[in-house]
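# Topology and contacts: notes
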Amino acid sequence: MAAASSLGRKVSAWLLTVILLVVAALLFYLTWLLASPSSVFDSLLEIGAEALLFALVAYLTRPLTTNPVIAQALSWGFLGMGFTVLFVTIGLYPDSTVSTISRVELAIGVLVVLVVAVLGFYWGAGQRPAEAARQEERQAWRQQPTVSAFDYTTARPPSVPPPPSSTPPPSPPPGGS
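Attention shifts here to the layout of surface pockets. Considering only enclosed or pocket space, the second largest pocket measures out at about 480 Å³ in volume. Residue lining of the second largest pocket: 18 residues in total, with Leu56, Tyr59, Leu79, Val116 and Ala117 positioned closest to the centre. The dominant element in the lining of the second largest pocket, judged by the number of residues it contributes, is helix H4 (residues 100-143), at eight residues. Of the residues that constitute the lining of the second largest pocket, the class distribution is 13 nonpolar, four polar and one charged.

Now the structure itself:
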């Protein structure tokens, strides 16, 4: 189930998913319980922001899991939940204490975060072919036999010039023009 890697043993992707989901659910529930009736709007905004943070955590744990696709899907789920909660709360929640200008400012802030997330997705998608090529090169390198440090070609690579000879160079002829 868990495979060895250069970082050590990897965590099961399903175990990581369950851990993140349970921690997120408990944190969301605690945030909701601590909300007073006058601060429900703020609590919903906090839950949306927490979901975005969990999306980032799930995305960053991809290299630690046995199946990074599951961690990436979890990050997409948290990302969708976070932006949905934020946009619906800002646009539709009936709270007379929040002014229209504050809602517009909040919406602009969430849109900026959304643009950063989309740009990050496109940047990451462009890195996948290069990462696949690096992984192939690593596998080829790992399959090569190891070289001894005591081997002459290893100790003195061909790029090193040979040592100078002990014979002096020939002298020029006398009386030359």
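Moving on, we get to the side chain of Thr31. Looking at where Thr31 falls in the secondary structure, it is placed in helix H1 (residues 13-33). Setting aside anything within four residues of it in sequence, one finds Thr31 in contact with Ser43, Glu46, Ile47 and Glu50.

Another point: the packing of helix H3 (residues 68-92) against H4. In the contact formed by H3 and H4, the axes pass within 10 Å of each other and the chain directions differ by 160°. Judged on the interaxial angle alone, H4 and H3 are roughly antiparallel. With respect to the hand of their crossing, H3 and H4 are arranged in left-handed fashion. Of the residues in H4, those touching H3 at Gln72, Trp76, Phe83, Leu86, Phe87, Thr89, Ile90 and Gly91 are Arg103, Leu106, Ala107, Val110, Leu111, Val113, Leu114, Ala117, Phe121 and Arg128. Counted by class, the contact of H3 with H4 contains 13 nonpolar, three polar and two charged residues.

Taken as a whole, this structure holds six aromatic pairs when the rule is applied. Plain terms: the ring middles of Phe83 and Phe87 are 6.3 Å apart, the flat faces sit at 25° to each other, and that makes the pair stacked. With Phe83 and Phe87 both in helix H3, this residue pair falls four residues apart, about one helical turn. In this structure Phe87 comes out as partly exposed when scored by relative accessible area, which is 31%. Note on Phe121 and Tyr122: the rings are 5.3 Å apart at their centroids and 65° apart in plane angle, and the pair reads as edge-to-face.

The next point concerns the nonpolar core. Counting eleven residues, the largest nonpolar core is built from Leu16, Leu20, Ala24, Phe28, Ile47, Ala51, Phe54, Ala55, Ala58, Leu74 and Phe78. Where this core is concerned, the elements lending two or more residues are H1, helix H2 (40-60) and H3. Looking at this core element by element, the count peaks at five residues for H2. What Leu16 contacts, discounting residues up to four positions off in sequence, is Val11, Thr61 and Thr65. In this structure, Phe41, Leu86, Ile90 and Val98 belong to the second largest nonpolar core, which totals eight residues.

What follows concerns the environment of Ala24. Its place among the elements puts Ala24 in helix H1. Look at Ala24 and you get buried, because its relative accessible area is 1%. For the pair Ala24 and Leu53, spaced 29 residues apart in the sequence, the C-alpha separation amounts to 9.9 Å. Not counting residues within four places of it along the chain, the set of residues in contact with Ala24 comprises Phe54 and Phe78.

The contact between H1 and H3 brings their axes to 9 Å, and the two run at 20°. Our classification of the angle between H1 and H3 gives roughly parallel. In this structure, H1 meets H3 at a crossing whose hand is right-handed. Of the residues in H3, those touching H1 at Ala13, Trp14, Thr17, Leu20, Leu21, Ala24 and Phe28 are Ile70, Leu74, Phe78 and Met81. When its residues are assigned to classes, the contact of H1 with H3 shows ten nonpolar, one polar and no charged.

Calculation criteria
Residues numbered from 1 in each chain as written. Predicted model: local features only at pLDDT ≥ 70, side-chain atom pairs only at ≥ 80, totals over all residues. Heavy atoms only, no water. 1 Å grid on protein atoms, 1.4 Å probe; cavity = no way out; pocket = protein on both sides within 12 Å on 5 of 7 lines; lining within 4 Å. Points joined across faces, edges and corners; volume = space filled by probe spheres on them. Helix = DSSP H or I, 4+ residues; strand = E, 2+ residues; numbered from the N terminus. Nonpolar A, V, L, I, M, F, W, Y, C, P; charged D, E, K, R; others polar. Contact = heavy atoms within 4.5 Å. Axes fitted to C-alpha atoms, helices over the stretch in contact; angles between N-to-C directions. Parallel < 35°, antiparallel > 145°, perpendicular 65-115°, else oblique. Left-handed = near helix turned anticlockwise from the far one by under 90°. Phe/Tyr/Trp six-rings, centres within 6.5 Å; stacked < 30°, edge-to-face > 60°. Buried < 20%, exposed > 50% of the residue type's maximum accessible area, 1.4 Å probe, protein only. Core = buried A, V, L, I, M, F, W, Y, C linked by side-chain atoms within 4.5 Å.

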